[in-house]
Amino acid sequence: MANKFYLKKGDTYPNIETVLSDSVGPINLEDADVVFRMSEAGSGNLMLEKVATVVMPQTGDDIGRCYAEFEDGDTDIIGTYRVEWRVTFPNDKIATFLS
């Protein structure tokens, strides 16, 4: 089931945060690049793509934790969106996590 996150038009706070995990548990994101992607729910059109921040160090409850910060203009178009996090690991393997 997808998590729900609500913002009003023009909001730049709060950040959207997640813990990325697979069937084994949280994924260590140390040295990985994470990109936050937000697409229109109906059409799938990409509306926002930005580098996410990985919480460091990746230990304890922070393993897999990352977040995206909204800036002016990021939330100007009203709608329902689908969010995903695209991770590029140090070995150049790519995984996409729905949120």
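Predicted model only: the values in this text are computed from it and were never measured. (Residues numbered from 1 in each chain as written. Predicted model: local features only at pLDDT ≥ 70, side-chain atom pairs only at ≥ 80, totals over all residues. Heavy atoms only, no water.)

Here the focus is the pattern of salt bridges. By the definition in use, this model includes seven salt bridges. A salt bridge links R65 to D62, with the nearest nitrogen and oxygen atoms 3.1 Å apart. The salt bridge partner of R82 is E84, with a shortest N-O separation of 3.1 Å. Relative accessible area serves as the criterion here: at 40%, R82 is assigned to the partly exposed category. (Salt bridge = Lys/Arg side-chain N within 4 Å of Asp/Glu carboxyl O. Buried < 20%, exposed > 50% of the residue type's maximum accessible area, 1.4 Å probe, protein only.)

Any empty space left between atoms is shown by rolling a water-sized probe over those atoms. Counted as a void, the largest pocket has a volume near 720 Å³. In terms of lining, the largest pocket is formed by 24 residues, of which the most central are F5, Y6, G79, T80 and Y81. Sorting the residues of the lining of the largest pocket by element identifies β1 (16-19), β2 (33-40) and β6 (81-88) as the ones contributing at least two each. With three residues, β6 is the largest single contributor of residues to the lining of the largest pocket. The class makeup of the residues in the lining of the largest pocket is 13 nonpolar, five polar and six charged. (1 Å grid on protein atoms, 1.4 Å probe; cavity = no way out; pocket = protein on both sides within 12 Å on 5 of 7 lines; lining within 4 Å. Points joined across faces, edges and corners; volume = space filled by probe spheres on them. Helix = DSSP H or I, 4+ residues; strand = E, 2+ residues; numbered from the N terminus. Nonpolar A, V, L, I, M, F, W, Y, C, P; charged D, E, K, R; others polar.)

Moving on, we get to the pairing of β6. Two strands pair when backbone bridges link them, and β2 and β6 are joined in this way by eight bridges, in the antiparallel orientation. Looking at β6, one finds that V35 is bridged to R86. The sheet contact formed by β6 and strand β7 (residues 94-98) spans five bridges and is antiparallel. Bridging from a neighbouring strand, W85 pairs with F97 of β7. Linkage of β6 to β7, two consecutive antiparallel strands, is achieved through a turn of five residues, within which D92 is found at a positive phi near 70°. (Pairing = 2+ DSSP bridges.)

A regular strand carries its side chains on alternate faces of the sheet. Side-chain alternation along strand β5 (residues 65-68) places C66 and A68 on a buried face and R65 and Y67 on a face that remains uncovered. In terms of strand pairing, β1 meets β5 through four bridges, oriented antiparallel. Considered in β5, the bridge of T18 is made with C66. Two elements, strand β4 (residues 53-54) and β5, share two bridges in a ladder whose sense is antiparallel. For V54, the partnering residue across the bridge sits in β5 and is C66.

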